[in-house]
Amino acid sequence: MTRPHGPSATGRAAALLAPVAAAVAAVHIGPAATWLPGLRRRFLPGLAGVGHPDHIALTFDDGPDAGSTPHFLDALDELGVRATFFVLGESVVRYPALTREIAARGHELAVHGWSHDRPWLPSPARDTADLVRTVDAVHDAAGRRPRWYRPPYGILTSGRWAAARRTGLRPVLWTAWGRDWTADATPASVRATAGAELLGGGTLLLHDSDHAAAVGCWRATLGALPGIVDDCREAGLSVGPLGEHGVEGGADRAAAQNPAAG
């Protein structure tokens, strides 16, 4: 006896669940649209890192790295500048003494996540656990509880918004970057790219490690750093960490109002 042709029960179930899965995915990844610089600068200045108009917040991602971060600490000492370092929890655990040194030299430690991954699949429990682990690792290494959070690639999913709220961290991204993660980056290109978008009150994203970038690209950033600081000072702008930047409250309000982050 032949069976009538038509979709199987499994196929029908999959068809019914597809819209639900799409909706869940949209809720999860939708907030990541804040990655778009123009969008966040206009509507979420706090999330963009907009602060005092006569100040630039200097920030570094992806460390600590024993092969590169100490060079940045020495360069910043020579320049008389303090910065904010967004660190990875797995690297903090690997280099606790270096993490302590960053803080001991007067810099601000902030959270970049446990590892440098892309969160395409919803996992709220994992997001929270990763941030808790990273906060604890920073506190254990340096005796300080971090305040700021910048996710890898600037991707703020609903789960990451919620995780930041639950761990008492404030999300902040950037208004300008040096595009210093590429293999063809040079000190001149990093300086020019940063300067093209950097205005008073801005937050600059650079990297003190090639952990998730082209091997050795951090050398271009290191070479560009004195020129970037000189350019800011010549424009009458002071340079320092986010803690001295006076970031507006837009990011906090956005997190509180984001229904997906509850």
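Residues numbered from 1 in each chain as written. Predicted model: local features only at pLDDT ≥ 70, side-chain atom pairs only at ≥ 80, totals over all residues. Heavy atoms only, no water.

## Observations concerning the environment of A57
Position of A57 relative to the elements: it lies in strand β1 (residues 55-63). Relative accessible area serves as the criterion here: at 0%, A57 is assigned to the buried category. Ignoring sequence-local partners within four residues, the contact set of A57 consists of G202, T203, L204, G240, L242 and H245. (Helix = DSSP H or I, 4+ residues; strand = E, 2+ residues; numbered from the N terminus. Buried < 20%, exposed > 50% of the residue type's maximum accessible area, 1.4 Å probe, protein only. Contact = heavy atoms within 4.5 Å.)

## Some details on the pairing of β1
If a strand is regular, its side chains alternate between the two faces of the sheet. Burial runs high along β1: nine of the nine residues are buried. Taken together, the three bridges between β1 and strand β8 (residues 238-240) define a ladder with parallel strand orientation. If you follow H55 over to β8, its bridge partner there is S238. Here β1 pairs with strand β2 (residues 84-88) via four bridges, running parallel. (Pairing = 2+ DSSP bridges.)

## Quick notes on the pattern of salt bridges
Under the defined criterion, the tally for this structure stands at nine salt bridges. One salt bridge connects R126 with D127, and the closest N-O pair in it is separated by 3.2 Å. A relative accessible area of 31% means that R126 is categorised as partly exposed. The salt bridge involving R133 is made with D130; its shortest N-O contact spans 3.3 Å. (Salt bridge = Lys/Arg side-chain N within 4 Å of Asp/Glu carboxyl O.)

## With respect to the confidence of the model for the chain
In the predicted model, the chain carries a mean pLDDT of 84, and the fraction of residues at 70 or more is 77%. Note on residues 250-262: pLDDT is under 50 here. Beyond four places in sequence and across chains, it has 25 contacts. (pLDDT = per-residue confidence, 0-100.)

## With respect to the layout of surface pockets
Any empty space left between the atoms is revealed when a probe the size of a water molecule rolls over them. Taken as a whole, the largest pocket spans an internal volume of roughly 230 Å³. Surrounding the largest pocket, 16 residues form its lining, H116, Y153, W181, L205 and H207 being those nearest its centre. Every element with two or more residues in the lining of the largest pocket is listed here: β1 and β7 (203-207). (1 Å grid on protein atoms, 1.4 Å probe; cavity = no way out; pocket = protein on both sides within 12 Å on 5 of 7 lines; lining within 4 Å. Points joined across faces, edges and corners; volume = space filled by probe spheres on them.)

## What to know about the pairing of strand β3 (residues 108-113)
With six of its six residues buried, β3 lies for the most part within the structure. Relative to β3, β2 runs parallel, the two being bridged by five bridges. When the bridges of β3 are listed, F85 appears paired with L109.

## What about the packing of aromatic side chains?
The final tally for this structure, using the stated rule, is five aromatic pairs. Centre to centre, the rings of F60 and F85 are 5.1 Å apart; their planes meet at 20 degrees, and the pair counts as stacked. With a gap of 25 residues between them, F60 in strand β1 and F85 in strand β2 connect regions that are remote in the sequence. With a relative accessible area of 0%, F60 lands in the buried category. By relative accessible area, which is 1% here, F85 ends up buried. An aromatic cluster of at least three residues, connected via ring pairs, comprises F60, F72, F85 and W218. A cation sits over an aromatic face here: R133 above W114, 3.9 Å from the ring centre. (Phe/Tyr/Trp six-rings, centres within 6.5 Å; stacked < 30°, edge-to-face > 60°. Lys NZ or Arg CZ within 6 Å of the ring centre and 35° of its normal.)

## Details of the nonpolar core
The nonpolar side chains of soluble globular proteins are, as a tendency, buried together. Ranked by size, the top nonpolar core spans 37 residues in total, and within it L58, F60, L76, F85, L204, L206 and L225 carry the most contacts. Those elements that provide at least two residues to this core are β1, α4 (69-79), β2, α6 (96-104), α7 (124-142), α9 (187-197), β7 and α10 (218-234). With seven residues, the top contributor of residues to this core is α10. In this view, F60 contacts F72, L76, A83, T84, F85, F86, L206, H207, D208, T221 and L225; residues no more than four positions away in its chain are not counted. Membership of the second largest hydrophobic core comes to 15 residues, among which are L44, V111, Y149 and L156. (Core = buried A, V, L, I, M, F, W, Y, C linked by side-chain atoms within 4.5 Å.)

## Description of α4
Listed in full, the buried residues belonging to α4 are T69, F72, L73, A75, L76 and L79. Projected down its long axis, α4 carries its buried residues within an arc of 165 degrees, all on one side. Buried residues in α4 make contact with β1, β2, α6, β7 and α10. Following α4 by one or two positions, G80 adopts a phi angle in the positive range, close to 70 degrees. (Arc of directions from axis to C-beta.)

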